[in-house]
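Structure at a glance
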Amino acid sequence: MKTINPVDQLNRPLRDLRISVTDRCNFRCTYCMPAEIFGERYEFLPKEKLLSFEEIYRIAKISVQIGVKKIRITGGEPLVRQDIPDLIEMLSEIDEIDDIAMTTNAYLLEKFAQDLKSAGLNRITVSLDSLDDDVFQKMNGRGFDTSKVKNGILEAKKVGLSPIKINAVVQKNVNDHTILDLIDWCRENKLIPRFIEYMDVGNLNQWNLSEVIFSKQLVEMVNEIFPVEPVDSSYPGEVAKKYRFLDGKGEFGVISSVSQPFCGDCTRLRLSPEGEIFTCLFAQKGLDLRSPIRSNASDDDLLKIIQNRWQTRNDNYSEQRSSLTNKNIKKVEMYHIGG
Ligand code: SAM
Ligand code: SF4
Ligand code: SF4
């Protein structure tokens, strides 16, 4: 297959496709889908508006022609989408894709891990904000303790999904006092913990800069108990800055999207559950692909639409954050397009 490599307005190629397969989730994390807003009456997308697996596969197959090499399945919670291993199996048949990963809260992972691995999933990132059950119960908004999540992670390890990264969003006075315990557990279980600066995604989480723990401070805190040294990034555009534990027991990472934006290397395109593409996590609107798909657009038509959108992209929200956050700009929500 002939591949072309269009670049956007800031000279960035397209490499990653993040596919959000559902807007639904079994958690109500306070910083993402606050329970007060996403209550019983909240109307999620009806089934007919969701892209089918065939439609997602088609977009992925077209995207590789303009440079996509990595796919991440996300959500909402990807494991609540019915038959998700079937989608992984379809995507893993695309030769040009080097890597298929998933971001999940792992609540249902124990049940799905083997099927995901057999279907061709390479690796998994689990969001786990704290191992302290009280803290976790509050943060996930559903009162779930950590047991099912931990079992899911250990099962994923057993079936050979590797590496397993554990992402925690750190919020001041919420879970910052529990990060050393999380690191300890990850070191014992050969997992890679990564700490994400709490971000001003969407408009629903009442984000406030005073709740962000900056990565620099976090690394200092970790270093006092578990001495570390910085590690070079493994590839251009890697979002996490990595540190190695000096005693040889693994590494950890920080994702500093607030304090040290990495827009310059951002090669990510996002596909929403209802088939809109977004060129930034903080985008105000997406571009509809479902309508052309359902009105018989050819592969070539779709290729041109995606390519043109990429070539006109000039997003660098995080680099301009301080001038934009207070402007009450309407942004897409994280649960809608995934992390
Ligand atoms: N439900 C899955 C999960 O939680 O892993 C996948 C979707 S979730 C939206 C993807 C990632 O976004 C999670 O790691 C979550 O912690 C992160 N996230 C959501 N809201 C965030 C925020 N305001 N700041 C930083 N990260 C956030
Ligand atoms: Fe659900 Fe993930 Fe958002 Fe938490 S972060 S509410 S698990 S989509
Ligand atoms: Fe990419 Fe937008 Fe995040 Fe910058 S703010 S790294 S352009 S998703």
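Residues numbered from 1 in each chain as written. Chains lettered and ligands numbered in written order. Predicted model: local features only at pLDDT ≥ 70, side-chain atom pairs only at ≥ 80, totals over all residues. Heavy atoms only, no water.

1. A look at the environment of Val258
Mapping Val258 onto the fold places it in the loop between strand S9 (251–255) and strand S10 (268–271). Since its relative accessible area comes to 12%, Val258 is described here as buried. A sequence separation of 43 residues divides Val258 from Ser215, and the C-alpha atoms of the two residues are 9.1 Å apart. (Helix = DSSP H or I, 4+ residues; strand = E, 2+ residues; numbered from the N terminus. Buried < 20%, exposed > 50% of the residue type's maximum accessible area, 1.4 Å probe, protein only.)

2. Description of the site of ligand 2
Residues in contact with ligand 2, as listed here, are Cys25, Phe27, Cys29, Cys32, Met33, Gly76 and Asn105. When the residues that make up the shell around ligand 2 are grouped by side-chain class, the tally is 5 nonpolar, 2 polar and no charged. (Near = heavy atom within 4 Å. Nonpolar A, V, L, I, M, F, W, Y, C, P; charged D, E, K, R; others polar.)

3. What about the side chain of Asn105?
Inspection of the secondary structure assignment puts Asn105 in the loop between strand S3 (99–104) and helix H3 (109–119). Residue classification places Asn105 among the buried positions, given a relative accessible area of 7%. Side-chain polar atoms of Asn105 contact the backbone nitrogen of Tyr107, separated by 3.0 Å. (Polar contact = N/O pair within 3.5 Å; in protein donor to acceptor, adjacent residues only side chain to side chain.)

4. A short note on the packing of aromatic side chains
Under the definition given, this model contains 12 aromatic pairs. An angle of 45° between the planes, with centres 5.5 Å apart, marks the rings of Phe27 and Phe144 as tilted. Of this pair, Phe27 sits in the loop between strand S1 (16–20) and helix H1 (53–63) while Phe144 sits in the loop between helix H4 (133–139) and helix H5 (147–159); the two residues are 117 residues apart in sequence, bridging distant segments of the chain. These aromatic residues form a ring-pair network of at least three members: Phe195, Phe226, Tyr243, Phe245 and Phe252. In this structure, Lys148 packs its charged tip against the face of Tyr107, placed 4.6 Å from the ring centre. Against the face of Phe245 rests Arg187, its NZ or CZ located 4.7 Å from the ring centre. (Phe/Tyr/Trp six-rings, centres within 6.5 Å; stacked < 30°, edge-to-face > 60°. Lys NZ or Arg CZ within 6 Å of the ring centre and 35° of its normal.)

5. Structural notes on the nonpolar core
Among the nonpolar cores identified, the biggest contains 102 residues, and Ile73, Leu128 and Phe252 are the most heavily contacted of them. Residues within four places of Ile73 in sequence aside, it is in contact with Ile19, Val21, Pro78, Ile84, Leu87, Ile88, Leu91, Ala101, Met102 and Thr103. (Core = buried A, V, L, I, M, F, W, Y, C linked by side-chain atoms within 4.5 Å. Contact = heavy atoms within 4.5 Å.)

6. Describing the site of ligand 1
Ligand 1 sits among 19 residues. The nearest are Gly76, Ser127, Val169, Met199 and Met334. One of the side-chain N or O atoms of Tyr31 is found 3.2 Å from an oxygen atom in ligand 1. A total of 540 Å² of accessible area belongs to ligand 1 in isolation, and the protein chains cover 95% of it. Counting residues per element, the ones that place at least two in the shell around ligand 1 are S3 and strand S6 (192–197). (Areas by Shrake-Rupley, 256 points an atom, 1.4 Å probe, with all protein chains shown as cover.)

7. A look at the sheet that holds strand S2 (residues 70–74)
The mixed open sheet is built from 12 strands, whose spatial order is S7-S8-S9-S6-S5-S4-S3-S2-S1-S10-S11-S12. Sheet topology places strand S7 (228–231) and strand S12 (287–288) at the edges, where each strand pairs with a single neighbour. Judged from the 4 bridges that link them, S1 and S10 form a sheet pairing that is parallel. When the bridges of S10 are listed, Leu17 appears paired with Leu269. On the sheet, helix H6 (residues 179–188) packs against strand S5 (164–170), S6 and strand S8 (241–245) and is oriented at approximately 150° with respect to S6. (Pairing = 2+ DSSP bridges. Axes fitted to C-alpha atoms, helices over the stretch in contact; angles between N-to-C directions.)

8. Overview of the packing of H3 against H5
Packing of H3 against H5 leaves a shortest axis separation of 8 Å and a crossing angle of 20°. By the criterion of interaxial angle, the relationship of H3 to H5 is roughly parallel. The handedness of the crossing between H3 and H5 is right-handed. Along its contact with H3, which presents Leu109, Glu110, Ala113, Gln114 and Lys117, the element H5 presents Asn151, Gly152, Ile153, Glu155, Ala156 and Val159. (Parallel < 35°, antiparallel > 145°, perpendicular 65-115°, else oblique. Left-handed = near helix turned anticlockwise from the far one by under 90°.)

9. A word on the pairing of S8
Pairing of S7 with S8, which is carried by 4 bridges, proceeds in the antiparallel orientation. What sits directly across from Val231, in S8, is Lys242. As judged from the 4 bridges shared by S8 and S9, these two strands associate in the antiparallel manner. Its bridge partner lying in S9, Tyr243 is registered against Phe252. Count of turn residues in the S8/S9 antiparallel hairpin: 5 residues, of which Gly248 carries a positive phi of about 85°.

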